[in-house]
Amino acid sequence: MKLELVHLADENSQLTLKTRENDRDRDRDRDRETEASCHLLGAGQRDCSMSPLTSFHRIAHDTFSSFLLSLDGSFLLGSEDVVNTRISLWWEQARAIVVVPFFKFLVALCLIMSVMYFVEVMYMGIVVAYVKLFKRKPEKVYKWEAMENDAECGSKSFPMVLVQIPMYNEKEVCEQSIAAACKISWPSNRIIIQVLDDSTDPASKELVRRECERWSREGVNITFEIRDNRNGYKAGALREGMKHSYVKQCDYIAIFDADFQPEPDFLHRTVPFLIHNPKLALVQGRWEFVNADQCMMTRLQEMSLSYHFTVEQQVGSSTFAFFGFNGTAGVWRISALNESGGWNDQTTVEDMDVAVRATLRGWKLLYIDDLKVKSELPCSFNALRSQQHRWTCGPANLFRKMAGQIIRSENVSLWKKLYMLYSFFFMRKVVAHILTFCFYCVILPATVLFPEVTVPKWAAFYLPALITLFIAIGKPRSVYLLAFWVLFENAMSMLRTKALVMGLFETGRVQEWVVTEKLGDGLKTKLIGQVPNEHQVRFRDRVHFLELFLGVYLLFCGCYDIIYGKNKLYLYVYLLMQSAAFFVVGFGFVGK
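Residues numbered from 1 in each chain as written. Predicted model: local features only at pLDDT ≥ 70, side-chain atom pairs only at ≥ 80, totals over all residues. Heavy atoms only, no water.

So, about the overall build of the chain. Helices and strands together make up the secondary structure of the chain, namely 19 helices and seven strands. The buried share among the 592 residues of the chain stands at 50%. Considering only contacts within the chain whose residues lie at least 6 apart along the sequence, 82% involve residues at least 24 apart. Carbon and sulfur atoms make up 60% of the accessible area of the chain, which amounts to about 29500 Å² in all. (Helix = DSSP H or I, 4+ residues; strand = E, 2+ residues; numbered from the N terminus. Buried < 20%, exposed > 50% of the residue type's maximum accessible area, 1.4 Å probe, protein only. Contact = heavy atoms within 4.5 Å. Areas by Shrake-Rupley, 256 points an atom, 1.4 Å probe, with all protein chains shown as cover.)

As structure tokens, then:
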């Protein structure tokens with residue numbers, strides 16, 4: 001029986017070879033006829049080179065012929081070596097024709113984005129340097145005069161200010177935030193403290209109510225407002241708070257999240273800008289963090305946010321009087337807020353949304369870098385993940401919905417439109433995340449598997465190093481943590497890129513709103529192991545499989561580069577360190 005199979009295989013192989021030889025002879029005859037026809041047409045006619053469609057058919061024909069030729073009867077013999085050889089041959093063909101060109105295209109695309117982002121970072125650096133060197137403080141650009149009691153009118157010369165404090169199950173921080181708001185230096189008859197409590201936890205709601213009653217007995221004009229639903233989340237709460245009758249007598253509205261503690265002179269430093277500059281809609285201060293030294297994760301967050309405020313917010317305010325409102329530590333002109341459509345819950349970034357709409361109405365926004373307001377950084381990794389998801393998905397979704405309105409706006413100059421669309425949204429909210437994840441975590445590691453694909457040293461090392469050093473300007477005291485910051489930001493890039501895709505395509509958890517967990521100022525001096533048990537997270541809730549999968553991929557690429565690598569970039573050092581960072585993040589060994 002075996003001899004018969006061998007004989008049958010030989011016959012099949014010979015028949016296949018003869019068929020292929022006949023096909024080749026027929027193709028050669030066709031080529032000769034084509035050349036003869038071209039010769040007869042004369043030199044004045046168009047070149048008779050093969051058309052793209054003909055070329056495609058020729059490639060498909062040859063590929064299929066090679067495939068049939070490989071089926072030479074060896075499969076009938078069940079030889080694993082021959083099967084492996086054929087599979088290897090097909091892979092090499094696919095690699096040369098499809099995979100390598102595709103990776104080269106991706107590398108070229110990433111190089112373009114790298115240059116674009118580097119130019120953007122350098123532009124912001126030049127603006128910040130100009131502001132610092134020439135001392136372009138807000139008081140020099142906008143009119144500002146200190147508020148004083150009028151001899152005749154007394155405290156009535158002060159405008160009426162509403163202070164809103166939205167809360168949701170935040171019993172750890174509610175007392176300190178309400179106390180800070182009630183201690184703001186402003187005539188007591190010219191300020192209203194409005195606590196908007198959406199808490200579903202009865203204990204939290206009762207604690208907030210008692211705290212409001214306590215300050216009310218001390219003479220503070222404070223109100224405690226609740227509603228029977230959480231529609232619109234924070235935007236819905238702020239919108240409902242504006243509907244109360246006593247709000248109509250107010251000119252300005254200050255907003256502080258539950259973990260923010262403004263200094264007593266906050267209104268004295270911000271409101272005069274709004275009084276003397278009628279085109280200003282918003283004045284916002286900078287965040288300062290009371291628990292920055294609590295753990296490594298909070299230190300790294302401090303570096304990122306310090307750069308955001310010191311550079312990004314200041315550049316937008318100084319050049320085009322536009323930046324994304326951070327949702328807290330700011331004072332709005334109520335007329336500008338109402339004219340812009342009020343609080344809108346179409347995205348999870350209602351603060352940035354209203355800032356964009358106000359700008360499209362012709363209003364200006366002002367950021368004051370030396371006006372600091374104490375706040376708290378999330379020290380739980382799951383809380384940070386939820387926050388970063390919202391901060392990435394929301395702006396991407398807002399970009400999708402507002403790009404058309406920005407282009408069509410008649411109240412905004414062409415240059416300002418370009419800044420909003422290109423610099424603010426496209427570069428910082430889209431390209432930055434895609435570049436970090438796709439280039440440094442996927443494509444660059446893959447180049448060790450494809451020696452034909454090369455990445456220039458300037459793109460792999462010099463540009464990232466310059467950008468990283470510039471980011472250190474935001475917090476010079478943390479320069480020695482730059483390597484850890486790079487690894488952590490890359491490890492978080494998968495989460496951000498996933499959120500970015502959800503926002504751009506409006507899928508998945510695009511409208512998810514998870515309130516960031518706060519632990520209160522009282523925990524800032526405690527060790528991580530001393531955090532109360534109610535905040536501990538089970539191990540299985542810490543594990544994140546996508547990060548672990550990418551960690552395995554980077555580990556494989558690093559080991560492959562050590563064994564087979566021929567480049568002199570020592571890429572395996574970065575790959576192994578980044579792999580370790582993904583494993584740490586994937587297993588949730590970050591934060592408390």
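As paired elements, strand S2 (residues 191–197) and strand S3 (residues 222–226) share five bridges and run parallel to each other. Each residue of the ladder has a partner; that of Asp 197, found in S3, is Ile 226. As a crossover connection, the stretch from S2 through helix H7 (residues 202–217) into S3 is right-handed. (Pairing = 2+ DSSP bridges. Right-handed = clockwise from strand over helix to strand, strands pointing away.)

Here we take up the layout of surface pockets. If you add up the space inside the second largest pocket, you get close to 450 Å³. Looking at the lining of the second largest pocket, the elements with two or more residues in it are helix H4 (80–133), helix H5 (138–141), helix H10 (296–320) and strand S7 (364–375). Taken together, the residues of the lining of the second largest pocket sort by class into 11 nonpolar, four polar and seven charged. When residues of the lining of the second largest pocket are assigned to domains, at least three fall in each of domain 1 (93–132 + 430–522 + 539–587) and domain 2 (156–383 + 400–408). (1 Å grid on protein atoms, 1.4 Å probe; cavity = no way out; pocket = protein on both sides within 12 Å on 5 of 7 lines; lining within 4 Å. Points joined across faces, edges and corners; volume = space filled by probe spheres on them. Nonpolar A, V, L, I, M, F, W, Y, C, P; charged D, E, K, R; others polar. Domains from an automatic or database assignment.)

Right, let's talk about H7 for a bit. With 16 residues, H7 ought to run about 22 Å at 1.5 Å a step, and its terminal C-alpha atoms sit 23 Å apart, in line with that. Where H7 is buried, its residues contact strand S1 (161–167), helix H6 (174–182), S2 and S3. Residue Gly 219 follows H7 closely and has a positive phi angle near 95 degrees. (Expected span 1.5 Å × (residues − 1).)

A word on the UniProt feature "transmembrane region" (unreviewed entry) in the chain. UniProt feature "transmembrane region" (unreviewed entry): in the numbering of this structure it lies at residues 105–131, 430–450, 462–488, 545–563 and 569–590. In the segment residues 430–450, helix accounts for 81% and strand for 0%; the C-alpha atoms at its two ends are 28 Å apart. Taken end to end, residues 545–563 comprises 100% helix and 0% strand; its first and last C-alpha atoms sit 27 Å apart. (UniProt positions renumbered as here; feature names shortened; annotations may be inferred.)

Moving on, we come to the nonpolar core. The biggest cluster of nonpolar side chains holds 156 residues, and the ones touching the most others in it are Leu 267, Trp 332 and Trp 343. Considering each element in turn, this core owes the most residues, 17 residues, to helix H14 (residues 414–446). If you count residues domain by domain, this core takes at least three from each of domain 1 (93–132 + 430–522 + 539–587) and domain 2 (156–383 + 400–408). Residue contacts for Trp 343: discarding those within four places in its chain leaves Ala 235, Leu 238, Arg 239, Met 242, Ile 255, Phe 325, Trp 332, Leu 337, Glu 350, Asp 351, Val 354 and Arg 357. (Core = buried A, V, L, I, M, F, W, Y, C linked by side-chain atoms within 4.5 Å.)

What follows is about the side chain of Glu 547. Structurally, Glu 547 can be placed in helix H18 (residues 545–564). Since its relative accessible area comes to 2%, Glu 547 is described here as buried. Engagement of the side chain of Glu 547 in a polar contact is seen with the side chain of Arg 385, the distance being 3.1 Å. Excluding anything up to four places from it in sequence, Glu 547 contacts Arg 385, Ala 491, Met 494, Leu 495, Phe 582, Val 585 and Gly 586. (Polar contact = N/O pair within 3.5 Å; in protein donor to acceptor, adjacent residues only side chain to side chain.)

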